[in-house]
Amino acid sequence: MGGCFSVSLPCGQVVSQFSQLLCVRGSYIHNLSKNLASLQKAMRMLKARQYDVIRRLETEEFTGRQQRLSQVQVWLTSVLIIQNQFDDLLRSNEVELQRLCLCGFCSKDLKLSYRYGKRVIMMLKEVESLSSQGFFDVVSEATPFADVDEIPFQPTIVGQEIMLEKAWNRLMEDGSGILGLYGMGGVGKTTLLTKINNKFSKIDDRFDVVIWVVVSRSSTVRKIQRDIAEKVGLGGMEWSEKNDNQIAVDIHNVLRRRKFVLLLDDIWEKVNLKAVGVPYPSKDNGCKVAFTTRSRDVCGRMGVDDPMEVSCLQPEESWDLFQMKVGKNTLGSHPDIPGLARKVARKCRGLPLALNVIGEAMACKRTVHEWCHAIDVLTSSAIDFSGMEDEILHVLKYSYDNLNGELMKSCFLYCSLFPEDYLIDKEGLVDYWISEGFINEKEGRERNINQGYEIIGTLVRACLLLEEERNKSNVKMHDVVREMALWISSDLGKQKEKCIVRAGVGLREVPKVKDWNTVRKISLMNNEIEEIFDSHECAALTTLFLQKNDVVKISAEFFRCMPHLVVLDLSENQSLNELPEEISELASLRYFNLSYTCIHQLPVGLWTLKKLIHLNLEHMSSLGSILGISNLWNLRTLGLRDSRLLLDMSLVKELQLLEHLEVITLDISSSLVAEPLLCSQRLVECIKEVDFKYLKEESVRVLTLPTMGNLRKLGIKRCGMREIKIERTTSSSSRNKSPTTPCFSNLSRVFIAKCHGLKDLTWLLFAPNLTFLEVGFSKEVEDIISEEKAEEHSATIVPFRKLETLHLFELRGLKRIYAKALHFPCLKVIHVEKCEKLRKLPLDSKSGIAGEELVIYYGEREWIERVEWEDQATQLRFLPSSRWRWRET
């Protein structure tokens, strides 16, 4: 039939094949011991061959010029796999041999013995096959070394061309080994480093290899080593068995024979080049290392003492970048949009990250309403703007997260209480921190200030605060960084009323709040608020900034429910003339600033605030008395300077009762007070700023100043004394009985005006850190430093070593500043006006800061023409930088 078929085999053939099959399968069992021995021998041969291949590879790859062939790597990988399988098989061999019986011809478990025996035979064949494949004529090939991996980036980055050229030139200088680029997050450091990387692709034969490594916060030495090894042709399976030190040796042995460039992007701490295995770049080896970081401190730890700061873009550069992101079609869709777009761009304050994100978000907005809404959101609550939180604030937050400890983080967040672009006085900021308890006031004033300045310096070097080049006494916060700080203060936007900051936004009344009990800090400074009537339960409130408003009246109820308020600033409310007695309910208050207000009488309840440590009553033009202040026994800082307040003996006695007082600023306008106050050593040590005013010649002919080590600022105005002397603090071994130490070691600013009896100011010899000196309208002054008196005091003291600015106005009798030419290593400005008899300045061709301009301003062109220069070189040095300037008086 069609569906059937038949097969016929001879009986003898069938029997023969069946017996062979039984014989082979039987050999899995009865030859097991012999097969295992053969497998072990074959494995030893394979390992020997593996060792030979690896040794050849190490020799050829050692210089970095060769890399292993792919077929060799495949073979080595196969050997490692079979080794693991062999080790697994061998672990059970004793159990399997003990299972055999009848002299090895049978087994107690035929099925298990059969399977194991079969595995042995199959592995033996595979090992023998691998051994036969392990003969290689060539194991490696030349590495394509002199290459640069070009990294894609935004085609046009506005404003970085000059910075790129500067960075490139510095990196390529013969004596330059390491270049550090630092700046705040999102400023374009990675883009700049990317451009540098790609620029190497256009240089032929200068370097053998350019290595790019993204480090990041979580990076390890092993990760950096892996990226470098991958680029230079090292690596392989055997690397997993080596430790970091062994890998470092391998990398070093390759790179020390090559001329390399290593680019490290986004480092957060020192990268130990030695631990990684990277030879230190030097002029001799011609190698280069460049890195980016958000911290200047990291630059220092990397051995770069002059890093390059990558700054935000200038206004026009910012606008160019923003236009590119928004697009011509959107900008041209309505005649009002370009003007509105400029306002939006200004909100980014030159930060490329913000310009990119916000520009992209606005690219499809083609109505005036949408642009106006964007401005409103960016002004009132930038966190709510599209992309702000995810694409900007989270990126910047890495810098905050990297700060060391909660103290540093709290101090940083505190700076966001001030308005946008606000210049924050450093020492004033430290006073806030001390009062808030961030810094322990019991450690002493000097130590507190030093710690505060250390914190500020750390924040500046982390690019979280900005320090102006000219005015080092202030810092400010970039607007986008400030938004990040406010976002963090609100628990990443989850509790927006925890920290209410509406500073400098034109408010006329206190804003509405849903739950006052959740509010911890309020800053309403720099607004137009006139009256404060409401009373709220503010159980958690610790900080209240109301300075620089138009406050006229504060209701008695306002302060009733703020039991934990620590800082209250009402300064510069110039229409505020009274305070309610309920101020006494602020039992936790430690900082109170009433400066520049018109309050004429302080409430009695103020003297019950026993925790108060900082009280500022400066520039209070109506204040009549502060009798009772001795009740504030915990007070440490007291500002009284330039107030209407009359300092009399009863007040001096009260001040002497303040045992913890460390800092005081005041005016002295009575000779009856001057002498006893200046004889009180404890009060003298506290004086930070003092103005002597209206001291008549008949009452104080000679003003004798004691050593005032904490004095920073001194004014002497409308006084009739004939001479200023220094109180002699002598050493028994001092032959000439001169003061043994500088009397005014911290004095930096001196103002003298309308003191017509003074002949000289030789006492300034003992102010070694003087940076600013202004002397004016004193017709009898002949010498600033008298040569004769200077020799009496000390012939070794060189004056004005720290002086930066010298103003001399209407000194009709002035003949000399100093008899000899001075070095003036810090001097930047001299301003001379109506000093007809001053013909010679104490300058020579080496005076001033090397390489910098010393500007001489003068009020009369005839005066500069009559100046007698030390020599022609001095004239050529300073005359070109002399400029006419008239000062209105």
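Residues numbered from 1 in each chain as written. Predicted model: local features only at pLDDT ≥ 70, side-chain atom pairs only at ≥ 80, totals over all residues. Heavy atoms only, no water.

1. Considerations on the overall build of the protein chain
Working step 1: Counting its regular elements, the protein chain contains 27 helices and 32 strands.
Working step 2: Residues counted as buried form 50% of the 889 residues belonging to the protein chain.
Working step 3: A separation threshold of at least 6 residues defines the contact pool for the protein chain, and within that pool the share at least 24 residues apart is 62%.
Working step 4: Only carbon and sulfur atoms are counted for the fraction: they give 49% of the accessible area of the protein chain, which is about 43,100 Å². (Helix = DSSP H or I, 4+ residues; strand = E, 2+ residues; numbered from the N terminus. Buried < 20%, exposed > 50% of the residue type's maximum accessible area, 1.4 Å probe, protein only. Contact = heavy atoms within 4.5 Å. Areas by Shrake-Rupley, 256 points an atom, 1.4 Å probe, with all protein chains shown as cover.)

2. Description of the sheet that holds strand β11 (residues 466–467)
Working step 1: Sheet architecture is open: three strands sit in the order β10-β12-β11, paired in antiparallel fashion. Taken across any chain shown, the strands that pair with only one partner, and hence form the sheet edges, are β10 (424–425) and β11.
Working step 2: As paired strands, β10 and strand β12 (residues 474–476) are joined by two bridges and run antiparallel to one another. The residue of β12 that forms the bridge with Ile424 is Val475. (Pairing = 2+ DSSP bridges.)

3. What about the environment of Asn746?
Working step 1: Mapping Asn746 onto the fold places it in the loop between β26 (723–726) and β27 (749–753).
Working step 2: On a C-alpha basis, the gap between Asn746 and Gly709 in space is 6.1 Å, while along the polypeptide they are 37 residues apart.
Working step 3: Excluding its chain neighbours within four sequence positions, the residues that come into contact with Asn746 are Gly709, Asn710, Leu711 and Arg712.
Working step 4: A polar contact is formed between the side chain of Asn746 and the backbone oxygen of Gly709, at a distance of 2.6 Å. (Polar contact = N/O pair within 3.5 Å; in protein donor to acceptor, adjacent residues only side chain to side chain.)

4. Digging into the pattern of salt bridges
Working step 1: Summed over all chains, the structure comprises 44 salt bridges.
Working step 2: Between Asp401 and Lys397 there is a salt bridge, and its shortest N-O distance comes to 2.9 Å. Placement of the pair is Asp401 and Lys397 together in helix α17 (residues 388–401), with a separation of four residues, close to one helical turn.
Working step 3: Owing to a relative accessible area of 25%, Asp401 belongs among the partly exposed residues under this scheme.
Working step 4: For Lys397, a relative accessible area of 17% gives the class buried.
Working step 5: As a salt-bridge pair, Arg883 and Glu853 come within 2.8 Å of each other at their nearest N and O atoms. Placement of Arg883 in strand β32 (residues 882–884) and of Glu853 in the loop between β30 (829–833) and β31 (855–858) is noted, with a sequence separation of 30 residues between them.
Working step 6: Judged by its relative accessible area of 34%, Arg883 falls in the partly exposed class. (Salt bridge = Lys/Arg side-chain N within 4 Å of Asp/Glu carboxyl O.)

5. Let's talk about the packing of aromatic side chains
Working step 1: A complete count under the given rule lists 18 aromatic pairs for this structure.
Working step 2: Taking the centre distance of 5.0 Å and the plane angle of 40 degrees together, the rings of Tyr432 and Phe545 count as tilted. With Tyr432 in helix α19 (residues 426–436) and Phe545 in strand β16 (residues 543–545), this residue pair connects regions lying 113 residues apart in the sequence. The exposure classification of Tyr432 matches that of Phe545, with both residues buried. (Phe/Tyr/Trp six-rings, centres within 6.5 Å; stacked < 30°, edge-to-face > 60°.)

6. What about α19?
Working step 1: Among the eleven residues in α19, ten count as buried, and that is most of the element.
Working step 2: Here α19 starts with a cap whose side-chain oxygen sits 3.4 Å from the backbone nitrogen of Glu427, and that cap is Asp425.
Working step 3: Once α19 ends, the next one or two residues include Gly437, with phi positive near 90 degrees.

7. A look at the confidence of the model for the protein chain
A low pLDDT score tells you not to read the predicted coordinates there in detail.
Working step 1: This prediction gives the protein chain a mean pLDDT of 88; 89% of its residues lie at or above 70.
Working step 2: Scored below 50 in pLDDT, residues 730–737 shows eight contacts in the model against residues more than four places distant or in partner chains. (pLDDT = per-residue confidence, 0-100.)

8. Some points on the packing of helix α14 (residues 337–347) against helix α16 (residues 368–380)
Working step 1: As a packed pair, α14 and α16 sit with axes 10 Å apart at the nearest point and diverge in direction by 20 degrees. The orientation of α14 with respect to α16, classified from their angle, is roughly parallel. Once α14 is placed against α16, the crossing between them reads as left-handed. Residues Ile337, Leu340, Ala341, Lys343, Val344 and Lys347 of α14 pack against Val368, Trp371, Cys372, Ile375, Leu378 and Thr379 of α16.
Working step 2: Its residues placed into classes, the contact of α14 with α16 shows nine nonpolar, one polar and two charged. (Axes fitted to C-alpha atoms, helices over the stretch in contact; angles between N-to-C directions. Parallel < 35°, antiparallel > 145°, perpendicular 65-115°, else oblique. Left-handed = near helix turned anticlockwise from the far one by under 90°. Nonpolar A, V, L, I, M, F, W, Y, C, P; charged D, E, K, R; others polar.)

9. What to know about the packing of helix α18 (residues 405–414) against helix α20 (residues 445–461)
Working step 1: Close contact between α18 and α20 brings their axes to 10 Å; oriented N to C, the two are set at 75 degrees. Classified by the angle their axes make, α18 and α20 are roughly perpendicular. Counted together, Leu407, Met408, Cys411 and Phe412 of α18 and Gln451, Ile455, Thr458 and Leu459 of α20 form the full contact between these two elements.
Working step 2: Considering only residue class, the contact of α18 with α20 consists of six nonpolar, two polar and no charged.

10. Quick word on unusual backbone geometry
Working step 1: With a phi angle near 60 degrees, Asn526 is a residue other than glycine that sits in the positive phi range.
Working step 2: With respect to the helices and strands, Asn526 occurs in the loop between β14 (521–523) and β15 (531–532).
Working step 3: Phi angles above zero are rare outside glycine, and His619 is one such case at about 55 degrees.
Working step 4: By secondary structure assignment, the location of His619 is in the loop between β20 (614–616) and β21 (637–639).

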